[in-house]
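Structural features, examined
In case you want the letters, here they are:
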Protein chains: 2
Amino acid sequence: MLTKQQLEEFEAEAGMMYLDHISIDCVVFGFHEGQMKVLMLKSNNEEAWYLPGGFVMKQEPIEVAANRILATRTGLDKVFLKQFHVFGDPDRSKIHNEMYSEVLPAGNNFFTQRFISIGYYALVDFFNVIPTPDVFSEICTWRDLDDLPKFQLDHELIFRTALDTLRLQLSYQPIGYNLMPKEFTMPELQKLYETILGKKLDRRNFQRRILGFGILNKLEQTRKGGAHKAPYLYSFDLKKYQAALKEGLKSGW
Amino acid sequence: MLTKQQLEEFEAEAGMMYLDHISIDCVVFGFHEGQMKVLMLKSNNEEAWYLPGGFVMKQEPIEVAANRILATRTGLDKVFLKQFHVFGDPDRSKIHNEMYSEVLPAGNNFFTQRFISIGYYALVDFFNVIPTPDVFSEICTWRDLDDLPKFQLDHELIFRTALDTLRLQLSYQPIGYNLMPKEFTMPELQKLYETILGKKLDRRNFQRRILGFGILNKLEQTRKGGAHKAPYLYSFDLKKYQAALKEGLKSGW
DNA sequence: TTACAATTGTGTACCAATTACACCTTTAGG
DNA sequence: CCTAAAGGTGTAATTGGTACACAATTGTAA
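Report follows, based on the coordinates. The model shown is predicted, which means the values in this text are computed figures rather than measured ones.

**So, the pairing of strand E10 (residues 232-236) of chain B**
Residue and element names in this part refer to chain B.
- A large share of E10 lies buried, amounting to four of its five residues.
- Direction of pairing for strand E8 (residues 184-185) relative to E10: antiparallel, over a ladder of two bridges. In the strand pairing of E10, Phe 184 is matched with Tyr 234.
- Sheet analysis places strand E9 (residues 216-222) next to E10, joined by four bridges and oriented antiparallel. Across the sheet, Asn 217 pairs through a bridge with Ser 235, a residue of E10.

Structure follows, in structure tokens:
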């Protein structure tokens, strides 16, 4: 039987072990018409870019915190948002400390502590987003994947891990529901996949595969007005889409 | 430019947001000769079983903390240990609170706070392990997968998630290096996979698949002494094994 | 010493999924 | 009304996975 004294001793010792802060870093991938960008903020005292992030509040589930942080920076709610890794190397704090050494008092303070960071990634349509800077930033904006600035801290690793995870999960999870308009064409959806994967896919094989997932409804109408042959419109079958989200798809690209 | 005052204001506000504790929970899967068990501890003041766990210390990378916790409970070091999920539902604390309500003072204290838990799973040979209880437990022992006790807190969810993740990752990651003797036979390795997956596999297809990964060396000798035809011995090609760990294998079971 | 049971070694045929590839249709614009 | 550009669709070849059978080895029991 555990005594009250044992508990108190443990509590006293454990008090020395507290991890200082838990933050959430959120890699927000923005898509629109074949483009793919990532949301970044620029530090207001130097040329350093970082990912949207924030703290988890007491009594707030981390999932809720991630949504809150995303909503604050983008204005969006209820989008695809997925936890993918925890980053907890204490070296993070050192860099952070040096970064603010001009303004911070010496010794221990909030920013010299270590931040353990839970990585989430989100998929959004960047035309729906109003990028909003935080208190440390003067700029919050979309950056092109092939024109990325220098990252602060370990945010490059976080970004890279998010992208790898996303590409991997593309084989197991349906995506696109909140990235495409209600009705869209097959070439448009294919462009989304090609953008994420960073490579071209075969038109015919893509279509067979995607249709094989059984999450699309083919509509009667075609997209008129454009040049060339009018493509058919499709919409997501929300019920089947969500079932696939839960149970996963088969096989890979 | 960020002013010192802004920083101080932020720090004061952020102080209200600290997450209380980060813990690590470790699902230790033990294997030996076709058996699979999981390491559990029994609370010393009631019939409640839980998974090995502990806190992350200041300036300790979480990866190191996970290894330390595992080493403390098992005596093992440098085994397969993988982060798989973060559990952060604030309800965890409520249950915890009720659990210790007899010994704890009312109001806020260490144990009434929320614990965010980073889930790791480990794969070990349970014949190499000396299960060691912690201060809250009277028993630390291996439990059979098909004879599991009632779990404390959300440890059932953590266990379940670990098992699902392990089974999934079996398709992408080579395993077995620290679970098999230096030299082993194909049927022995197959038994390991069958144990993890909880189902029988075809002998011939298993062999073709495993050999196709290119991480095994077939040795000249056979395992003599047993009844029946002597099987060939194999060993892991450590270099290729580690490369496969990094780059992953293809396809699934 | 021999027959048997248990286990291992190995190869092949079938099916499903993936990849590679070609021809026809539609539409706008000159 | 001809052409260029894009979309619709089908088929053959390859690869990977599953199912399955027979021969060889070894200890044990007759």
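**Let's talk about the pattern of salt bridges**
All names here are of chain B.
- Evaluated as defined, the whole model comprises 16 salt bridges over all chains.
- We note a salt bridge from Lys 42 to Glu 138, for which the minimum N-O separation is 2.7 Å. You can see Lys 42 sitting in strand E2 (residues 35-43) and its partner Glu 138 sitting in strand E7 (residues 137-144), a full 96 residues away along the chain.
- Classification of Lys 42 as buried rests on a relative accessible area of 9%.
- Residues Asp 237 and Lys 240 are paired through a salt bridge, measuring 3.8 Å at the closest nitrogen-oxygen approach.
- By relative accessible area, which is 48% here, Lys 240 ends up partly exposed.

**Description of the pairing of strand E5 (residues 80-87) of chain B**
Residues and elements named next belong to chain B.
- In terms of burial, E5 is a largely internal element, six of the eight residues being buried.
- In this sheet, strand E6 (residues 115-125) lies alongside E5 in antiparallel orientation, the contact comprising seven bridges. Each bridged residue has a counterpart across the sheet, and for Leu 81 the counterpart in E6 is Ala 122.

Thresholds, definitions, all that
Residues numbered from 1 in each chain as written. Chains lettered and ligands numbered in written order. Predicted model: local features only at pLDDT ≥ 70, side-chain atom pairs only at ≥ 80, totals over all residues. Heavy atoms only, no water. Buried < 20%, exposed > 50% of the residue type's maximum accessible area, 1.4 Å probe, protein only. Helix = DSSP H or I, 4+ residues; strand = E, 2+ residues; numbered from the N terminus. Pairing = 2+ DSSP bridges. Salt bridge = Lys/Arg side-chain N within 4 Å of Asp/Glu carboxyl O.

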